[in-house]
Amino acid sequence: MKNLAIELTGIDKHFGAVRANHKVCLQVKQGNIHGIIGENGAGKSTLMSILYGFYQADAGKIDVLGNTYSFTDSHQAIAAGIGMVHQHFMLVENFTVLENVILGSEGGLLLANGLAAARKELTRLGDEYGLKVDLDATIDTLSVGLQQRVEILKALYKGAKILILDEPTGVLTPQEAEELFRIFGALKQQGVTIMLITHKLREIMAITDQVSVMRAGEMVAHRDTKDTNREELAELMVGRKVLLQVDKGPANVRAPLMTVKHLTMADKQGVERLKDVSFELRAGEVLGVAGVSGNGQSELLEALAGIHPISSGSIEMLGVEMNAKSALGPDILRDMGVAHVPEDRHRMGLITDFSASESALLGYHTDPKINSGLWLSKDKVDANCQQLMQAFDVRPADPHLKSANFSGGNQQKLILAREMERNPEILLIGQPTRGVDIGAIEFIHQRIIAMRDAGKAVLLVSVELDEIMSISDRIIVLCDGEVTGRISAESADERTLGMMMANALDSQDSLDPFHSMDKESSTQATSQDLSA
Amino acid sequence: MNDIFLTVLLTLDATIRVSTPLIFAAMAGLFAERSGVVDIGLEGKMLAGAFAAASVASIVGSPWAGLGIAILVSTSLAMLHGFATITHRGDQIVSGVAINILVAGLTIILGLAWFHQGGLTPALSNESRFLSITLPFVEQLALIPVLGPIYKELISGHNILVYLAFVVVPMVWWVVYRTRFGLRLRAVGENPKAVDTAGLSVIKLRYKALIVGGVLCGIAGAYISTAHNAQFTRDMTAGQGYIALAALIFGKWRPLTVMLACLLFGFLDAVAVRLQGVSIPGIGEIPVQFIEATPYLLTVILLAGFIGRAIPPKAVGTAYVKER
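Residues numbered from 1 in each chain as written. Chains lettered and ligands numbered in written order. Predicted model: local features only at pLDDT ≥ 70, side-chain atom pairs only at ≥ 80, totals over all residues. Heavy atoms only, no water.

**Quick word on the overall build of chain A**
Point 1. Secondary structure summary: chain A contains 18 helices and 22 strands in total.
Point 2. Here the C-alpha radius of gyration of chain A, 25 Å, is about what a compact globule of 532 residues would show, namely 24 Å.
Point 3. Principal axes of the C-alpha set define a box for chain A whose edges measure 70 × 55 × 50 Å.
Point 4. Of all 532 residues assigned to chain A, the portion counted as buried reaches 55%.
Point 5. Expressed as a percentage of contacts within chain A between residues at least 6 apart in sequence, the contacts between residues at least 24 apart total 67%.
Point 6. Per element, the accessible surface of chain A, about 22,500 Å² overall, is 50% carbon and sulfur.
Point 7. Taken as two groups, the 52 positive and 71 negative side-chain charges of chain A have centres that lie 3 Å from each other. (Helix = DSSP H or I, 4+ residues; strand = E, 2+ residues; numbered from the N terminus. Rg over C-alpha atoms; globule rule 2.2 N^0.38 Å. Buried < 20%, exposed > 50% of the residue type's maximum accessible area, 1.4 Å probe, protein only. Contact = heavy atoms within 4.5 Å. Areas by Shrake-Rupley, 256 points an atom, 1.4 Å probe, with all protein chains shown as cover. Lys, Arg positive; Asp, Glu negative; His and termini not counted. Charge placed at Lys NZ, Arg CZ, Asp CG, Glu CD.)

As structure tokens, this is what we get:
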């Protein structure tokens, strides 16, 4: 029996009337990887913030490595041996790696000695755990994966024996995630305890020793990972049975509704974000666009939705052609039957300060259905919103509530309702389930499949490979603005897609943009060769 | 030839005198803004410092007493700014402007009430002012061509606060880039969350930065009324706080370049004085207002992106809220 690294007993925390944690108990064994899962708002992050001294619990007891503490700030938690890697990195972007690491533990009034000592110590840590980073590089020149390493180094440098990571793989490629898990292994061997907060059940199953499940602010279950499975964990998280696999029949593919030929697009700085992209989107199918975030997927969505003009090539949608000379604005496309659910719902999807009923009519505010003469009819606007909320089960179903006050999942459902309830022919949809809890994910996926089965065409952009693989019928992969892979969903696996996302498959020249199924099977053969 | 050389020397000499308060104030602004607090109240703090220094110096008869009180008053105002913007997360611009307006009125009212001279403080005798210091060997070296006059006219013959200003700049550089406080200062202006999660207090750091700024503004104020001039007159800072802020932006929040910006703006001011009523062949008389507006024009051009890019500390202007 190993000693306990962390023991939490009866932790309570309220924010005003909201009960974020209620009588939470948790035991984490030393040198283990312990997963904590739960839906958004289940209280995971609050609990970890209490453990890290960022908030103070209203009641309860915290033991770390056998001593009882009551942290009033993060400094004390750090001193007790706790390190935290936040979901959004806490790094100063124009500082070097070295400066970021020593911030808060500079070792004296002057920097020179501290910097020299830190350089030595970090080189040692880097060797020991395989955490190599250029110490003199400034943060904004590093990739996300490397920035995360800096966060881990920061915690270890401050003497962390217990490392808490909040959704660490959300921003990583599958390969970077693999590398992170390898680091976890090295840390574990050195006796470091790791607490992993995530909503990805696959990761929990793959790397943790124990797992605790939170729901609605309470701990609902503790399991040894080897004694549980994804279905059970999902059910514990949501409180009811959840279908992890999307239930869908074969696609009934018909004529192409959109044909993209040699699409090239440059951004405002003149950098080419999309290079010679060609593909077809047909009625009755879901085309998935995979890739590491920032490889042209956002730009593709913006080009297709008419938000950003293209440089060359053409897009033919529903019989109308767009090219560099004749661009169609989003309003015209919307009228034609092209709906767009943007990737970033806070930036483009809705206006957080607007009420739900106002956000529910963005883009459709000229619709005669909700206008009377020059004025918007308030009653009709509310009725419209009420109807959308009912159709997509948005909770709470209050049209007057501010958009910001809905959970991420419900905001997303409201946007989907707005775009999908008008029965568009083509649906462009970006990151439909980002920051959305597992129950809502199931619902959203079902609605997307329903659209497909109704003979509409869906273009799905997502960084979640699981999502791409389970929803799509065909998949294209973007890397650095180019199509680096085309594959049918049934022949796709994570490894192949990962290679395509890194543009590491070399049989690209034979790819036919308007591929038939036998071309796809040849790609499949390539992937099998590679894994053999 | 010799005449032109001497004119240039005297203009540069004036540049140094005019730039001194700008340098102190801009360094004050540097600390505040590097910590993430916009300090548009530099003007008000300088003016308050100038009034306090002149008042106390005229009563006590010592410029040092005046300087001490100026620092005290200016720092108190900085704390007021901190209380409004750091503790209570008020708008930083509004608080700064409020301080400027408050001080502009208060100095006149208190001046009238205390000294009955129409808002002025009594003229200071030499004993209650910071006087010029003649450096050693001036006469002996004066005969050396070029270097002699430079030493005599440009380097020697300033008061102690001028020399202090040029000592302060490298000190600020050293503090900002070579000390623990400097590292934390730069971090808190860029990403206060990183500072908070490292277990440091964002609030304490920002207050510390404002205290340093308050001290420097106090010195700037005392210089204006008890070194550069010999009494307090209403609104005597005449927008120098804003010029210092412009120099801070022009110098991209870096101590040495900010000092150079202050010297440039000071030089323009000195030239403007010298060119008053002078007709330049081929151009005619240059309106003084044009030269006086040049620092602002240059700053606008810089901000528009024509001379490199001025990227402010990322968190400047926003109060820190610990969020869920």
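**Quick look at the sheet that holds strand β5 (residues 67–69) of chain A**
All names here are of chain A.
Point 1. What the four strands build is an open sheet, ordered β2-β1-β4-β5; its pairing is antiparallel. Where the open sheet ends on each side, the last strands, each with one partner, are β2 (18–29) and β5. Each strand of the sheet is rotated relative to its neighbour by a mean of 25 degrees, with strand direction disregarded.
Point 2. Alignment of strand β4 (residues 59–64) against β5, held across three bridges, turns out to be antiparallel. Residue pairing for β5: Val-64 is matched across the bridge by Asn-67. (Pairing = 2+ DSSP bridges. Axes fitted to C-alpha atoms, helices over the stretch in contact; angles between N-to-C directions.)

**Considerations on the packing of aromatic side chains**
Residues and elements named next belong to chain A.
Point 1. Within this structure, the stated rule accounts for twelve aromatic pairs over all chains.
Point 2. On the numbers, 6.0 Å between centres and 40 degrees between planes, the contact of Phe-181 with Phe-184 is tilted. Of the two residues, Phe-181 and Phe-184 both sit in helix α6 (residues 174–189), three residues apart, roughly one turn of that helix. Phe-184 shares its class with Phe-181; the two are buried. (Phe/Tyr/Trp six-rings, centres within 6.5 Å; stacked < 30°, edge-to-face > 60°.)

**Points about helix α17 (residues 494–501) of chain A**
Residue and element names in this part refer to chain A.
Point 1. Most of α17 is tucked away, with six of its eight residues classed as buried.
Point 2. Among the residues of α17, those classed as buried are Thr-496, Leu-497, Gly-498, Met-499, Met-500 and Met-501.
Point 3. The distance from a side-chain oxygen at the start of α17 to the backbone nitrogen of Arg-495 is 3.1 Å, and the residue carrying that oxygen is Asp-493.
Point 4. Immediately beyond the C-terminal end of α17, within one or two residues, lies Asn-503, with a positive phi of roughly 55 degrees. (Polar contact = N/O pair within 3.5 Å; in protein donor to acceptor, adjacent residues only side chain to side chain.)

**A short note on the interface of chain A and chain B**
Point 1. Between chain A and chain B, the residue contacts involve 26 residues of the former and 24 residues of the latter.
Point 2. Summed over both partners, the interface of chain A with chain B comes to about 2,200 Å²; 62% of that surface belongs to carbon and sulfur atoms.
Point 3. Taken together, the connections running from chain A to chain B amount to three salt bridges.
Point 4. One salt bridge in this structure joins Glu-99 of chain A and Arg-186 of chain B, with 3.6 Å as the shortest N-O distance.
Point 5. At the boundary of chain A with chain B, the tally comes to eight residue pairs in polar contact (both at pLDDT 80 or more).
Point 6. Contributions of two or more residues to the side of chain A that touches chain B are made by α2 (74–79) and α3 (97–102) of chain A.
Point 7. With three residues, the top contributor of residues to the side of chain A that touches chain B is α2 of chain A.
Point 8. Taken together, the residues that form the side of chain A that touches chain B break down as 15 nonpolar, seven polar and four charged. (Buried area = accessible area lost by both parts, 1.4 Å probe. Salt bridge = Lys/Arg side-chain N within 4 Å of Asp/Glu carboxyl O. Nonpolar A, V, L, I, M, F, W, Y, C, P; charged D, E, K, R; others polar.)

**Topic: a nonpolar patch on the surface**
Point 1. A cluster of nonpolar residues, Leu-109 and Leu-110 of chain A together with Trp-173, Trp-174 and Leu-256 of chain B, forms a patch on the protein surface that exposes about 500 Å² of accessible area.
Point 2. Relative to the helices and strands, Leu-109 of chain A resides in the loop between α3 and α4 (111–129). (Patch = residues over 30% accessible without salt bridge, like charges linked within 9 Å, V, L, I, M, F, W, Y side chains within 5 Å.)

**A few points about empty space enclosed by the protein**
Point 1. In this structure the tally under the stated criterion is three cavities of 30 Å³ or more.
Point 2. Taken as a whole, the largest cavity holds about 120 Å³ of empty space.
Point 3. Around the largest cavity, the lining is made up of 14 residues, and of these Tyr-52, Met-84, Lys-154 and Lys-158 of chain A together with Thr-197 of chain B lie nearest the centre.
Point 4. Residue assignment for the lining of the largest cavity shows that the elements contributing at least two residues are β6 (82–85) and α5 (144–157) of chain A together with α9 (192–197) of chain B.
Point 5. The residue makeup of the lining of the largest cavity, split by class, is eight nonpolar, three polar and three charged. (1 Å grid on protein atoms, 1.4 Å probe; cavity = no way out; pocket = protein on both sides within 12 Å on 5 of 7 lines; lining within 4 Å. Points joined across faces, edges and corners; volume = space filled by probe spheres on them.)

**Side note on the environment of Val-188 of chain B**
Residue and element names in this part refer to chain B.
Point 1. In this structure, Val-188 sits in helix α8 (residues 180–190).
Point 2. Taking the relative accessible area as the measure of exposure, Val-188 reaches 0% and is therefore buried.
Point 3. For the pair Val-188 and Pro-313, spaced 125 residues apart in sequence, the C-alpha separation works out to 9.1 Å.
Point 4. Among all residues touching Val-188, those that are not within four sequence positions of it are Arg-34, Ser-35, Val-195, Val-202, Leu-205, Arg-206 and Ala-315.

**Digging into the layout of surface pockets**
A probe as big as a water molecule, rolled over the atoms, marks out the empty space that is left.
All names here are of chain A.
Point 1. Counted as a void, the second largest pocket has a volume near 530 Å³.
Point 2. Taken together, 16 residues line the second largest pocket, and the ones lying closest to its centre are Arg-345, His-346, Gly-408, Gln-411 and Gly-435.
Point 3. Of all elements in the fold, only α11 (345–349) and α14 (408–420) reach the threshold of two or more residues within the lining of the second largest pocket.
Point 4. In the lining of the second largest pocket, the residues fall into two nonpolar, nine polar and five charged.
Point 5. Both domains that meet at the lining of the second largest pocket, namely domain 2 (243–337 + 426–532) and domain 3 (349–423), each give it at least three residues. (Domains from an automatic or database assignment.)

**A look at the nonpolar core**
Side chains of nonpolar character tend, in soluble globular proteins, to be buried together.
Point 1. Among the nonpolar cores identified, the biggest contains 69 residues, and Met-27 and Phe-265 of chain B are the most heavily contacted of them.
Point 2. Counting residues per element, this core draws most heavily on helix α1 (residues 2–34) of chain B, which supplies eleven residues.
Point 3. The contacts of Phe-265 of chain B, once residues within four sequence positions are left out, are Leu-22, Ile-243, Ala-246, Ala-247, Phe-250, Pro-295, Leu-298 and Thr-299 of chain B.
Point 4. Membership of the second largest hydrophobic core comes to 54 residues, among which are Leu-153 and Phe-181 of chain A together with Val-202 and Leu-205 of chain B. (Core = buried A, V, L, I, M, F, W, Y, C linked by side-chain atoms within 4.5 Å.)

**Thoughts on the side chain of Ser-470 of chain A**
Point 1. Structurally, Ser-470 of chain A is set in helix α16 (residues 465–471).
Point 2. For Ser-470 of chain A, the contacting residues outside a window of four places in its chain are Gln-245, Val-246 and Lys-248 of chain A.

**Here's the deal with the pairing of strand β15 (residues 320–323) of chain A**
Point 1. Bridge count for strand β14 (residues 312–317) of chain A against β15 of chain A is four bridges, and the pairing is antiparallel. Paired with Ser-314 of chain A across the strands is Asn-323 of chain A, a residue of β15 of chain A.

**Overview of the confidence of the model for chain B**
Point 1. Mean pLDDT over chain B works out to 91, with 98% of the residues at or above the 70 mark.
Point 2. Among the prediction metrics, the complex's ipTM stands at 0.88, with pTM recorded as 0.77. (pLDDT = per-residue confidence, 0-100.)

**What about the pattern of salt bridges?**
Residue and element names in this part refer to chain A.
Point 1. One pass over the structure, following the stated rule, counts 36 salt bridges over all chains.
Point 2. The residue Lys-61 makes a salt bridge to Asp-63 at a minimum N-O spacing of 2.8 Å.
Point 3. Classification of Asp-63 as buried rests on a relative accessible area of 8%.
Point 4. With a shortest N-O distance of 2.4 Å, Lys-132 and Asp-127 are connected by a salt bridge.
Point 5. Put simply, Lys-248, Arg-452, Asp-453 and Asp-473 are held in one network by salt bridges that share partners.

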